[in-house]
Amino acid sequence: MLNEHQPLIFELSKEGRIGYSLPELDVPEVNVAEVIPSEYIRTEEAELPEVSELDIMRHYTALSKRNHGVDSGFYPLGSCTMKYNPKVNEQAARMAGFAHIHPLQEENTVQGALGLMYDLQEHLKEITGMDEVTLQPAAGAHGEWTGLMLIRAFHETNGDHHRTKVIVPDSAHGTNPASATVAGLETVTVKSNDQGLVDLEDLRRVVGEDTAALMLTNPNTLGLFEENILEMAEIVHGAGGKLYYDGANLNAVLSKARPGDMGFDVVHLNLHKTFTGPHGGGGPGSGPVGVKADLIPFLPKPVLVKVEDRYHLEYDRPQAIGRVKPFYGNFGINVRAYTYIRSMGPDGLKAVTENAVLNANYMMRRLAEHYDLPFDRHCKHEFVLSGKRQKKLGVRTLDIAKRLLDFGYHPPTIYFPLIVEESMMIEPTETESKETLDAFIDVMIQIAKEAEENPEIVQEAPHTTVVKRLDETLAARKPVLRYQKEQ
Ligand SMILES: *Cc1c(COP(=O)(O)O)cnc(C)c1O
């Protein structure tokens, strides 16, 4: 039983123990072999655990109590924007008219849902400064790939088949080069300067006739705003390339600056970060893509259009890259994001950015006395510390992250970005109170002191969790993801 005071019993199944009861069959029995093709009919019993209802309740309840979520504690996981997800979003997503519709329903029976999608697109156009938006992509990386496919289609339509290179700064999110590769393009890295910003000289050197696009994360993964953005746009556009904005972390610039105004041609957003879709654990997400006018013809189809006061899915789009997701994208997440935008309003969204940036700078300044701060400038929504000083004392960033678990915190993102030694990427978000920030800061200061005075306590952490340090390689390479009957 998964209770910290009891010994661990992994196998709960007992032959013949039953946790369900079904009513007696009161319709004619069908012969399964007549309705299901034989290759789909199971020939052996499914090896399912046999447990009572009480056992299964305790099992899942105990597991849920072990889970760290933003509703149970502070979660400063840099770049992931683990802010509070308002519960009113859940109410909206569960309304029967949204939750119980079927993706194959006739257009005229889902006008409300299509209307919400259309309105959401309009809001995102306004927020990003783009001319059109698609809601199809299922997550950030999927949006990146979609955006790059649009850029590729644009160049190919213009006969520019040689434009195959995507310039990606070394401070970019890891998904950027990966998306470029999957889109059939090649990544060229551009270096950061000693201020943590894209080195313009290096950009001029790598840009050229073969440039398909520059892909920029802004604020970059150091939490710094790329202040030479207009000059960068000029350099890339001057060479005939497109500008791609990784807007996964729009929490930092929302209602203050718009990618469209900075000269970007394509942007993706992470509705599950900035716009409060619950995330962590792998999804579902939503990664809408916004484009400027010259890329509209290539958008994935169907495209949602409004004709008089009716909404219509348009399939007749000969230049479209195709469909990138079945049906309408992750509709439930879009309902949540729409609810969030409408309940915050423009002033609320502005306050989000201001408080996210204020919280991050407050925490950065207080922690900079105890940890190394590699780029000493104002940050945006997050900042990066280095555990270099602690490493000299034999305490690594991984140890610090594990020690935080003893205090009930989710650790920050560690060892990313790669350009900072022993990095810790901390994103407090705007939804946390000063008291929460101070409590976390105090713990971080205590850990820095422990590294000096009593390093073993950090090196051997965690001390209070049910399991200690796991073999992370084994867990990644040979995950056990489902019930397997004991032999
Ligand atoms: C989270 C993130 C992504 C990837 O988004 P997913 O939804 O996880 O695919 C891309 N870029 C940046 C900057 C991010 O923070």
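Residues numbered from 1 in each chain as written. Predicted model: local features only at pLDDT ≥ 70, side-chain atom pairs only at ≥ 80, totals over all residues. Heavy atoms only, no water.

Caption draft 1: Up close: the packing of helix α5 (residues 111-128) against helix α11 (residues 331-367). Two elements in contact, α5 and α11, have axes separated by 10 Å at closest approach and are oriented at 45 degrees. By the criterion of interaxial angle, the relationship of α5 to α11 is oblique. Our pair here, α5 against α11, has a crossing hand that is left-handed. From α5, A113, L116, M117, D119, L120, H123, L124 and I127 reach across to α11, where they touch F331, N334, V335, A337, Y338, I341, R342 and L349. (Axes fitted to C-alpha atoms, helices over the stretch in contact; angles between N-to-C directions. Helix = DSSP H or I, 4+ residues; strand = E, 2+ residues; numbered from the N terminus. Parallel < 35°, antiparallel > 145°, perpendicular 65-115°, else oblique. Left-handed = near helix turned anticlockwise from the far one by under 90°. Contact = heavy atoms within 4.5 Å.)

Caption draft 2: Quick peek at helix α9 (residues 229-238). The complete set of buried residues in α9 reads I229, M232, A233, I235 and V236. With its buried residues spanning 165 degrees around the axis, α9 presents them on a single face. In α9, the exposed residues that point more than 90 degrees away from the buried face are L230, E234 and G238. On its buried side, α9 packs onto α8 (200-206), β4 (211-217), β5 (242-247) and α10 (259-262). (Buried < 20%, exposed > 50% of the residue type's maximum accessible area, 1.4 Å probe, protein only. Arc of directions from axis to C-beta.)

Caption draft 3: Highlighting the UniProt feature "modified residue: N6-(pyridoxal phosphate)lysine" (unreviewed entry) in the protein. As annotated in UniProt, the feature "modified residue: N6-(pyridoxal phosphate)lysine" (unreviewed entry) corresponds to K273 in the numbering used here. Assignment of secondary structure puts K273 in the loop between β6 (266-269) and β7 (289-291). Leaving out residues up to four positions away in the same chain, K273 has contacts with S79, C80, T81, K83, A248, N249 and H279. (UniProt positions renumbered as here; feature names shortened; annotations may be inferred.)

Caption draft 4: Fine view of the packing of aromatic side chains. Scanning the model with the defined rule gives eight aromatic pairs in all. Consider the rings of F98 and F331, whose centres lie 5.8 Å apart with planes at 65 degrees: the pair is edge-to-face. Note that F98 is positioned in helix α4 (residues 96-99) and F331 in helix α11, a separation of 233 residues in sequence. Assessed through its relative accessible area of 19%, F98 is described here as buried. Here F331 falls in the buried class, since its relative accessible area comes to 14%. (Phe/Tyr/Trp six-rings, centres within 6.5 Å; stacked < 30°, edge-to-face > 60°.)

Caption draft 5: Geometry of the nonpolar core. By size, the foremost hydrophobic cluster in this structure holds 56 residues, and its most contacted members are L114, L124, L203, L214, F264, L271 and F275. The contact partners of F264, leaving out residues within four places of it in the chain, are M130, L216, I229, L243, Y244, Y245, P259 and K292. Membership of the second largest hydrophobic core comes to 26 residues, among which are Y371, F383, M444 and V458. (Core = buried A, V, L, I, M, F, W, Y, C linked by side-chain atoms within 4.5 Å.)

Caption draft 6: Geometry of the site of the ligand. Around the ligand, the structure places 14 residues, and the nearest of them are S79, A141, D246, H272 and K273. The separation between an oxygen atom of the ligand and a polar side-chain atom of N249 is 3.4 Å. Here an oxygen atom of the ligand and a side-chain polar atom of N270 are 3.0 Å apart. Taken by itself the ligand offers 380 Å² of open surface, and the protein chains cover 85% of this. A total of three residues in the shell around the ligand trace back to one element, the largest contributor, which is helix α6 (residues 140-157). Its residues assigned to classes, the shell around the ligand shows three nonpolar, eight polar and three charged. (Near = heavy atom within 4 Å. Polar contact = N/O pair within 3.5 Å; in protein donor to acceptor, adjacent residues only side chain to side chain. Areas by Shrake-Rupley, 256 points an atom, 1.4 Å probe, with all protein chains shown as cover. Nonpolar A, V, L, I, M, F, W, Y, C, P; charged D, E, K, R; others polar.)

Caption draft 7: Structural context of the sheet that holds strand β10 (residues 383-386). With antiparallel pairing, the three strands of this open sheet are ordered in space as β10-β12-β11. For this open sheet the edge positions go to β10 and β11 (413-414), each flanked by a neighbour on one side alone. Pairing analysis gives four bridges linking β10 to strand β12 (residues 423-426), with the strands arranged antiparallel. Residue pairing across strands places F383 opposite I426, the latter belonging to β12. (Pairing = 2+ DSSP bridges.)

Caption draft 8: Summary view of a nonpolar patch on the surface. A contiguous nonpolar patch, built from V30, V32, V35, I36 and Y40 and spanning about 510 Å² of accessible area, is present on the exposed surface. On the basis of relative accessibility, which here comes to 39%, the residue V32 falls in the partly exposed class. (Patch = residues over 30% accessible without salt bridge, like charges linked within 9 Å, V, L, I, M, F, W, Y side chains within 5 Å. Salt bridge = Lys/Arg side-chain N within 4 Å of Asp/Glu carboxyl O.)

Caption draft 9: Representation of the domain arrangement of the protein in the model. In terms of domain boundaries, the protein breaks down into domain 1 (1-67), domain 2 (88-343) and domain 3 (352-475). Averaged C-alpha coordinates put domain 1 and domain 2 at centres separated by 42 Å. (Domains from an automatic or database assignment.)

Caption draft 10: Local environment of unusual backbone geometry. Here K301 and P302 are connected by a cis peptide whose omega angle stands at 0 degrees. As for its position among the elements, P302 is in the loop between β7 and β8 (303-307). With an omega of 5 degrees, the peptide bond between A461 and P462 qualifies as cis. Within the secondary structure, P462 is located in the loop between α15 (455-459) and α16 (472-477).

Caption draft 11: Local environment of the environment of M444. Checked against the element boundaries, M444 lands in helix α14 (residues 434-453). If we skip the residues at most four places from it in the chain, M444 touches L367, Y371, I400, L404, M424 and I426.

Caption draft 12: Summary view of the side chain of D406. The topology assignment puts D406 in the loop between α13 (397-405) and β11. A distance of 2.6 Å separates a polar atom in the side chain of D406 from a polar atom in the side chain of R403.

Caption draft 13: Main features of the UniProt feature "domain: Glycine dehydrogenase C-terminal" (unreviewed entry) in the protein. Within this structure's numbering, the places UniProt gives as "domain: Glycine dehydrogenase C-terminal" (unreviewed entry) are residues 353-454. Overall, residues 353-454 shows 48% helix and 10% strand. The separation of its end C-alpha atoms is 39 Å.

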